[in-house]
Each structure stands twice: as structure tokens, then as C-alpha cells.
Amino acid sequence: MKRYAQMIVKLMKSEKLYASQGGPIILSQIENEYGMIARAFRQDGKSYVKWAAEMAVELETGVPWVMCKQDDAPDPVINACNGRKCGETFKGPNSPNKPAIWTENWTSFYQTYGDEPLIRSAEDIAFQVALFIAKNGSFVNYYMYHGGTNFGRNASQFVITSYYDQAPLDEYGLLRQPKWGHLKELHAAVKLCEKPLLSGLQTTISLGKLQTAFVFGKKANLCAALLVNQDECEATVQFRNSSYLLSPKSISVLPDCKNVAFNTAKVNAQYSTRTREPRQKLSSPHMWEEFTETVPSFSETSIRSESLLEHMNTTQDTSDYLWQTTRFQQPEGAQSVLKVNHLGHVLHGFVNGKFIGSMHGTYKAHRFLLEKNVSLNNGTNNIALLSVMVGLPNSGAHLERRVVGSRSVKIWNGKHSLYFNNYSWGYQVGLQGEKFHVYTENGAAKVQWKKYRDSKSQPLTWYKVSFDTPDGTDPVALNLGSMGKGEAWVNGQSIGRYWVSFHTFKGNPSQIWYHIPRSFLKPSSNLLVILEEEREGKPLGVTIDTVSVTEVCGHVSSSHPSPVISQRRKSHNRKKHRHLKHQYDRRPKVQLQCPNGRKISKVLFASFGTPNGNCWSYSVGSRHSPKSLAVIEKACLNKSRCSVPVWSKTFGGDACPQAVKSLLVHAQCS
């Protein structure tokens, strides 16, 4: 551990990367969430934390060290918070000399096969960040701000290939709206409070049972306030002789202790719809070739053991796959039952070369039983079990004690049980296709490919096809919705594991589309190779798609603050924009923008008044301006971006000016 830490720090210092050397690194972390497992090591855990902290400090980086989720981080190492609700749950620094730091603000969470994605709203993230800052938080780091892809076999156990796709920038680098825009507004609002926040002067004022004002600075011209409402209902509060209506579970940011620049529950940012468009269908049987793995017999294996071996120690992570085979004599043919107790991820069973069935565990329950009826031959019989891992264990104490593999194997013939735990077993690490690298141009030439056949009696088939790169710059994705479980390669690069057949409790695959970076692609004749473990996979349903934002929507009421970004921009250009009325500047607006050079080609819905619903489901309400569509089309059609104030005069007046009005606009980008 010490050698590793010394090597990393030496490397950083050699490139002058620490802030103390004029570089960009302002903070270093030693260990990660060790507090979650320290108890398993008792006193040794406590001693290790103390040792790790001292060792890190002695490396003299010139910047502070932190320990995440380590309440007892020894001085001067800073204890930091990780989680979704650190604004509410963080107990604070364990010393008055340490700042409050939020090292991982989880914008979503990693997703495992069989689980639905965790959707965290923009409003919730903004509320927690603002609350953390109100309580003297001095640093917030988002995990993740940009989603990504677990290419190859990099995903940990049962974790899907897509990683944090719900982040403000999604897996493909596209803006996840309104999350991205709402946080950008929050950051701009906090920036407006910069001087009072950094004054070091803070007072807390109770405004009600669940309402609090956090006030920074003490001079009238140097004052900022965050008005917090932790109630699930809206509340009207009095602050500095003014009345403020606070939305449920929200925080209003007042950079001058007077005017509301931002409210965490009121989203000015647009909502966007991401779509995938099939650009090339690989539906012709003549396009595909296939190569089926052979089931090894005991005599064909090179590793032997008189007992069942553990999977990870045997494969050494060189492959997800481990064949384990044995053979036995049966005096007469019989119908029997094969039972395998397995601790791990997936198991495929074969008797005398024929597939008998599969079973798998889950992220939370690894142990399972494969129990299948089998027909035995009179004479020698072969059992072959293919143990499959879906990623390495990723957390917890005593990882070195984790066991994956078959724990017991027996056959029951109706009268007697035959146990195979202490039989002679033969092992083969990996598949033949992996050995020959059939997913590359050179490797594909080393095996005999056949024409595609639609019917399958055996699993473990490799499929090969070529495709051209879609025109344009939109991200590319492989639609594997018709497949079962396996891995896919493009031009020799693995784009990750897939497991479409493992459905969530809602009956949905955890992931269908798999990111192909354009850097992996050639203009034409790209080699796609798919390893399909199951018999049910249908490669003729595979498509090459592009991913883009095709629709945008804004829903803003007259009670919303005006957009912070435009406020800041105009405050920097006051002389230039003196002719603009301040009142117009301060109005809330619906702001729409199409990405990647697209323009607003059609207004799908527009209503100023009291529209029902939200951007995903809407209708005209009891009050509706008949000019709504015409006004929006004039302002927005054939433009890449547009801004429309939520103001009755824009829409021809208002018979009921005291009522709160809203503007909901849904538009198509082309």
C-alpha cells in the first residue's frame, strides 16, 4: 500500500501537478469508504485508518488529504461525505479546523442486471447541494457528472455495461435535461453569492417549524441568504420585512438578501427527449455467419483436480468462462436428475454434449440450484458445466475470501444419489473463440464459419457480420434487444457484456443499446462479432442506431425566478443593453435550444394560461391563450434556440392578471 501511494505521488510531483507546485490538483484522497468495512477488521481496522492517514500526510503533497465516509479520519485528514443526501445526513467535520466536503454527490447510481435505473430528479440534487452550502459546505463534487461505458469486461459483478447514464452528461456525452441546465443555474446563483459566502460570517434564523434562513455576510451591500423549506407543503415566510412563498421541499437563493435568483424546486431549464434511430438493419440471413463452440470432454482438458475448483483462482480473470468436466460409468441407461449447487453468477449445464439448461444468481443473491432431468447412456457419461462470471466482486471486507463456482454436484436416479465433489474433474479456462480471438479480422480466419441458421439446439454461438458507419456526428449505438446474453466486439474492440434476457421486475431488459464510440469505427466494412450464450438470441433483429435529442420542452410559470444565466450575462453587458427594460429582463422565460446544429422544425404543443400536466403528459387547461401557438411559432420556428417571456402581454393580454400563469411548449428538433 505504501509503495503504491509513494509511486502515485512521485508521478504527480514529477509533472508538477499539485496546486502547491502550480498545478491543478487541490485535493488528494487516501482510501475509499473504508469506514463501511473497518468494523469487520475490529481493532486492526482502526489501526489501519490511523496508519494510512499518517502515511499519506508524510508524502508532503502540499494539498489536503481526505477520507470519504470515514467519520474518524485522523487530523489533519478531512472526513468527507459520499451519498445522495449529504445536505441532510452529513454530521459535519470532526474538527473545527476542517472544512465540510462532499466528495461524491451521486447524481444517479450504478445499475445492476435485473434492476431498473435509479432516477434522481434535478430538483432533489439542487436542493441537497444548496442545503450543503447553506450549512457551510465548501466543496461539492458530482459522481458522476458525465456517464460512461464499461467497455470489455470492466464492469463489476452484475453491473450493466452502461454506467451512470442518468448523469447531467449522459453515457454518450449528450446533455441530460433538465438536470444539466438546472444545476448550471444553481451554480450561477451560488456564484452570485460569492463574496458573502466567502466572508466567513453566517447566521441562522428560524422562519417557522421547518423553515430556516441561512444568512451570509453582515453588511447591507454584502449579504446573501438561502431560505430553506424542509416541509412537504409550501410555506409563506417573513424575512427582512418581505414575504416569500417557498415551494415544498425547496431552497430559494437570494444573492442580495432581497431578490430570489433561484429556487431548487422551480426548473427553468428545458426538458429533452433522447431517441435512437435505426440507421442500418442487419436483418438478412445472408449477411451473417456463425461459429458454434464445442463442449469439451474430460479427456480434452489440461487442468485436473480431484475436487471442485474455485472459479476466480482458476481463471485468474483471463476470461469470464470456466469449463469443468467429469465422466462416470452408468451400468444402464436411465432418466435421472442432475443437481448442482452453485455460488456465483451463471451456470450452463451439458450432459453427453447436449445442453440441458441454465440458471443464474442476482446481484444480491449469488447462490442458486441448477436442477434438470437428464438422460444417461449405458456406459460412459460426460458432465460439462460452464461457470460464467459477470464481473468481479467490487466491495466489502475480505474480498480474498470470496468464492465463485460449483459447491456440490450430484445425480439422483430415483433410488440413489451419486456425488461428484471428490471425482476427478478437468478444467478449461475460456472459450475456443476467445483463444483464437475470432472477434478480430485475423482471428476470424482461424475458425470455420458457417452460414447463419435460424434454429438452434445448442447455445454458445459466435455471430459475424459487417456494417457501414452511419453518416453524421451523432453517437452510435448497437441495438441488441433481440439477443440474450453475451459480449459484443466492433473491429476487435469489446463494447461490453450484454444480458438482455435478464428482465427487471417491470419486465424490461436492464439495457438494450450499447455505445459504439465513433473512434472504434471505419467509414465502411466494420466487423461486428457477437458471442451469444443462449439459444434464444436472434441476431437478425440487431440494428445499428444513432442517438440524438429530437424534442425539447419548457414549462415555466410566472412565479418562477428569471433565468440566472441570462441575468449574469446581461449584468456583464449592462452598457450594451441599457435600452432593455429591467422588468423584461427579470421575467421568467421558456428557453429552448436544439443541439448539434438542429433547428426547431415543429411546435408540437403550446399553451399560455393554466396548461394541465407536464412536459411528458399535457393538455390545454381551463385558461388558454388562443394566440399561444402563433406566438411560439413566430419566436421559435426554424431557429436553433429561442426565448419567450412568460408574460400576458406577449400573448395578447390577460382577463385574470392576478392568477399564476404558465407557459408549456413542446417542440421538435430536426
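Structure report, in brief. What you see is a predicted model; the values in this text were computed from it and never measured.

## Concerning the overall build of the chain
Tallying secondary structure elements over the chain gives 12 helices and 40 strands in all. Overall, the C-alpha framework of the chain stretches about 95 × 65 × 50 Å when taken along its three principal axes. Put simply, the chain has 670 residues, and 50% of those count as buried. Considering only contacts within the chain whose residues lie at least 6 apart along the sequence, 71% involve residues at least 24 apart. On the chain, roughly 32100 Å² of surface is accessible, and the fraction owed to carbon and sulfur atoms is 50%. The positive charge centre, built from 80 side chains, and the negative charge centre, built from 53, are 8 Å apart in the chain.

## Examining the environment of Ser358
Here Ser358 is to be found in strand β21 (residues 354–360). Its relative accessible area of 28% is what places Ser358 among the partly exposed residues. Residues Ser358 and Val346 lie 12 residues apart in sequence; the distance between their C-alpha atoms is 7.3 Å. Beyond its immediate chain neighbours, meaning those up to four positions away, Ser358 contacts Leu347, His348, Leu370 and Lys372. Within polar-contact distance, the side chain of Ser358 engages the side chain of His348 at 2.5 Å.

## A closer look at the packing of helix α4 (residues 122–134) against helix α5 (residues 179–192)
Where α4 contacts α5, the axes come no closer than 9 Å and their chain directions differ by 20 degrees. By the angle class used here, α4 and α5 are roughly parallel. Handedness of the α4/α5 crossing: right-handed. Side by side, α4 and α5 meet where Ala122, Glu123, Ile125, Ala126, Val129, Ala130 and Ile133 of the first sit next to Lys179, His182, Leu183, Leu186 and Val190 of the second.

## What about the sheet that holds strand β5 (residues 137–143)?
By way of backbone hydrogen bonds, the strands of a sheet pair with one another, either parallel or antiparallel. Strand order across the open sheet formed by 5 strands is β1-β2-β3-β4-β5, with parallel pairing between neighbours. The outermost strands of the open sheet, each flanked by one partner alone, are β1 (28–29) and β5. Here 3 bridges tie strand β2 (residues 65–68) to strand β3 (residues 78–83), and the two strands are oriented parallel to one another. Paired with Met67 across the bridge in β3 is Asn79. Against the sheet, α4 touches β4 (100–106) and β5, its axis set at about 155 degrees to β5.

## Some thoughts on the environment of Thr610
Residue placement: Thr610 occurs in the loop between β36 (600–609) and β37 (612–613). Beyond its immediate stretch of four places on either side in the chain, Thr610 contacts Gly621, Ser622, Arg623 and Val660.

## Some thoughts on the state of the cysteines
According to the stated counting rule, one finds 5 disulfides in the structure shown. Residue pairing for Cys223: its cysteine sulfur links by disulfide to Cys257, the two sulfurs lying 1.9 Å apart. Taking the sign of the S-S torsion, -70 degrees for the link of Cys223 and Cys257, the bridge is left-handed. Taken together, the positions of Cys223 in strand β10 (residues 222–229) and Cys257 in the loop between β13 (250–254) and β14 (262–263) put the pair 34 residues apart, joining distant regions of the chain. Disulfide pairing is shown between Cys553 and Cys615; the S-S distance is 2.0 Å. Handedness here is read from the sign of the S-S torsion; for Cys553 and Cys615, about -85 degrees, the answer is left-handed. Taken together, the positions of Cys553 in strand β34 (residues 543–557) and Cys615 in the loop between β37 and β38 (618–619) put the pair 62 residues apart, joining distant regions of the chain.

## Description of the packing of aromatic side chains
Taken as a whole, this structure holds 29 aromatic pairs when the rule is applied. Summarising the aromatic geometry, the rings of Phe239 and Tyr244 are spaced 6.4 Å apart at their centres and angled 55 degrees between planes, so their arrangement reads as tilted. Side by side, Phe239 and Tyr244 carry an identical accessibility label, which is buried. Through pairs of rings, three or more aromatic residues link up here, namely Tyr34, Phe41, Tyr48 and Trp51. Looking at Arg587, its charged tip hangs above the ring of Trp647, at a distance of 3.8 Å from the centre.

## Let's talk about the nonpolar core
Formed by 29 residues in total, the largest nonpolar core has its most connected members in Val129, Leu186, Leu226, Ile251 and Phe262. When contributions to this core are tallied by element, the ones reaching two or more residues are β4, α4, α5, β9 (211–219), β10 and β13. The element that contributes the greatest number of residues to this core is α4, accounting for 9 residues. Ignoring anything within four residues of it in the chain, the contact list for Ile251 reads Phe127, Ala130, Leu131, Leu226, Leu227, Val228, Phe262, Asn263 and Thr264. Counting residues in each nonpolar core, the second largest holds 27 residues, with Phe291, Trp323, Ala384 and Leu386 among its members.

## What to know about a nonpolar patch on the surface
Together, Tyr4, Met7, Ile8 and Leu11 line one region of the surface with nonpolar side chains, adding up to about 390 Å² of accessible area. Relative to the assigned elements, Met7 resides in helix α1 (residues 2–14). Classification of Met7 as partly exposed rests on a relative accessible area of 44%.

## Remarks on helix α12 (residues 628–636)
Among the residues of α12, those classed as buried are Ser628, Val631, Ile632 and Cys636. Viewed along the axis of α12, the buried residues span an arc of 105 degrees, placing them on a single side of the element. Along its buried surface, α12 packs onto β36, β39 (641–645) and β40 (662–669). Just beyond α12, the residue with positive phi is Asn638, at close to 65 degrees.

## Looking at the sheet that holds strand β31 (residues 493–499)
Strand order in the open sheet made by the 6 strands is β27-β16-β28-β33-β30-β31, with antiparallel pairing throughout. In this open sheet, the two strands that pair with only one neighbour each are β27 (450–451) and β31. Note: strand β30 (residues 485–490) against β31, 6 bridges, orientation antiparallel. Paired with Gly486 across the two strands is Tyr498, which belongs to β31.

What counts, and at which threshold
Residues numbered from 1 in each chain as written. Predicted model: local features only at pLDDT ≥ 70, side-chain atom pairs only at ≥ 80, totals over all residues. Heavy atoms only, no water. Helix = DSSP H or I, 4+ residues; strand = E, 2+ residues; numbered from the N terminus. Buried < 20%, exposed > 50% of the residue type's maximum accessible area, 1.4 Å probe, protein only. Contact = heavy atoms within 4.5 Å. Areas by Shrake-Rupley, 256 points an atom, 1.4 Å probe, with all protein chains shown as cover. Lys, Arg positive; Asp, Glu negative; His and termini not counted. Charge placed at Lys NZ, Arg CZ, Asp CG, Glu CD. Polar contact = N/O pair within 3.5 Å; in protein donor to acceptor, adjacent residues only side chain to side chain. Axes fitted to C-alpha atoms, helices over the stretch in contact; angles between N-to-C directions. Parallel < 35°, antiparallel > 145°, perpendicular 65-115°, else oblique. Left-handed = near helix turned anticlockwise from the far one by under 90°. Pairing = 2+ DSSP bridges. Disulfide = S-S within 2.5 Å. Phe/Tyr/Trp six-rings, centres within 6.5 Å; stacked < 30°, edge-to-face > 60°. Lys NZ or Arg CZ within 6 Å of the ring centre and 35° of its normal. Core = buried A, V, L, I, M, F, W, Y, C linked by side-chain atoms within 4.5 Å. Patch = residues over 30% accessible without salt bridge, like charges linked within 9 Å, V, L, I, M, F, W, Y side chains within 5 Å. Salt bridge = Lys/Arg side-chain N within 4 Å of Asp/Glu carboxyl O. Arc of directions from axis to C-beta.

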